[in-house]
Amino acid sequence: EAAQRMFIITGDEAHFAPFSGVEETLPDRWKGLLAAAAAVPDIDLDLPMLKEETAQVMASLDATAQLRRSAGREAGMRRVEAGESNKQLVAMHMKLGALTEQMEQRIEEQTRSLARAEGRGRAASVGTGLVALALGALGVWQWRSSLGHYRRELELDGEKQRAQQMAQDKGRFLAAMSHELRTPLNAILGMSEQLQISLPPGPLAEQAEAISVAGRGMLRLVNDLLDLSRLEA
């Protein structure tokens with residue numbers, strides 16, 4: 001989800017690479033996990049259902065990225081803010097937490113069983129305990145990884161808000177400065193034009209014309225700054 005959100009905000013395909021990598025490796029991961037779970041007796045993990053929900057979440061995240069590519073950033077952000085993918089992820093995290101707790105209980109049971117098993121069947125019990133430990137570690141790793149992604153997402157969101165605030169401040173500054181400069185410039189232009197009309201031909205009239213030409217050039221620059229601030233707004 002963090003990779004998808006960074007792509008939605010920036011439009012940079014490089015941010016989407018982690019998502020694509022997970023998407024490619026998921027089938028092999030599920031194959032190994034299902035095989036390992038089949039070797040653990042008396043535990044109802046309901047992994048097929050979790051696998052189906054994982055596919056739904058991945059499809060939802062991918063659909064948002066496709067919307068960003070086809071309809072732009074705002075359309076992608078609206079879908080992200082709707083929060084459907086996030087709701088699915090939260091539900092999955094809760095299930096993973098429950099699975100991890102179940103696996104920890106199973107590990108404790110296996111540990112007690114190993115302490116009692118001094119002879120026959122010891123090797124089989126050790127194998128089952130190791131598989132249970134691996135599944136529990138996988139759940140913990142996934143949980144911690146998701147928390148890391150969430151922290152990075154919060155940091156990126158804070159940077160985005162600061163950048164937006166800076167852009168807004170710059171636009172307000174340009175607009176205010178443009179308006180403040182236009183007032184004295186209009187006075188300079190008006191007075192120089194009156195001087196051109198009232199003065200007889202000669203050096204003074206030429207100087208008044210030079211002032212008028214320079215003032216009109218500055219006015220064009222001020223108008224350009226004002227247009228830029230409007231465009232950014």
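For the structure, see preceding data.
Criteria and thresholds
Residues numbered from 1 in each chain as written. Predicted model: local features only at pLDDT ≥ 70, side-chain atom pairs only at ≥ 80, totals over all residues. Heavy atoms only, no water. Helix = DSSP H or I, 4+ residues; strand = E, 2+ residues; numbered from the N terminus. Buried < 20%, exposed > 50% of the residue type's maximum accessible area, 1.4 Å probe, protein only. Contact = heavy atoms within 4.5 Å. Phe/Tyr/Trp six-rings, centres within 6.5 Å; stacked < 30°, edge-to-face > 60°. Salt bridge = Lys/Arg side-chain N within 4 Å of Asp/Glu carboxyl O.

Enquirer: Any chance you could explain the overall build of the protein here in plain terms?
Expert: When helices and strands are tallied, the protein shows 7 helices and 0 strands. Along the protein, helices (α) and strands (β) appear in the sequence α-α-α-α-α-α-α when read from the amino end. The buried share of the protein, taken over its 233 residues, is 29%. Put simply, of all contacts in the protein between residues at least 6 apart along the chain, 72% involve residues at least 24 apart.

Enquirer: Looking at this structure, I do not really get helix α1 (residues 2-10). What am I missing?
Expert: Note: α-helices contain 3.6 residues per turn, so residues at a spacing of three or four share the same orientation. Along α1, the positions that sit buried rather than exposed are Ala2, Ala3, Gln4, Phe7, Ile8 and Ile9. In the stretch just after α1, Gly11 is the one whose phi turns positive, near 80°.

Enquirer: Explanation requested: the packing of aromatic side chains in the structure shown.
Expert: By convention here, two paired aromatic rings are described through the distance between centres and the angle between planes. Applying the stated criterion to the full structure yields 2 aromatic pairs. With 5.2 Å between their ring centres and 45° between their planes, Phe7 and Phe16 make a pair best called tilted. Here Phe7 and Phe16 have matching classes, each one buried. Here the aromatic rings of Phe16 and Phe19 are separated by 4.7 Å at their centres, their planes lie at 25°, and the arrangement is stacked.

Enquirer: Even after reading the chapter, I still don't get helix α4 (residues 73-82), so can you show me in this structure?
Expert: For α4, the complete set of buried residues consists of Ala75, Gly76, Met77 and Val80. Immediately beyond the C-terminal end of α4, within one or two residues, lies Gly83, with a positive phi of roughly 80°.

Enquirer: Explain the pattern of salt bridges to me, please; I cannot follow it from the model alone.
Expert: Considering all chains together, one arrives at 4 salt bridges under this definition. In this structure, Arg69 engages Glu13 in a salt bridge whose closest nitrogen and oxygen atoms are separated by 2.8 Å. Note that Arg69 is positioned in helix α3 (residues 47-71) and Glu13 in the loop between α1 and α2 (17-38), a separation of 56 residues in sequence. Using a relative accessible area of 41% as the deciding quantity, one classes Glu13 as partly exposed. A salt bridge links Lys160 to Asp157, with the nearest nitrogen and oxygen atoms 3.4 Å apart. Of the two residues, Lys160 and Asp157 both sit in helix α6 (residues 122-198), 3 residues apart, roughly one turn of that helix. Lys160 sits in the buried class, given a relative accessible area of 17%.

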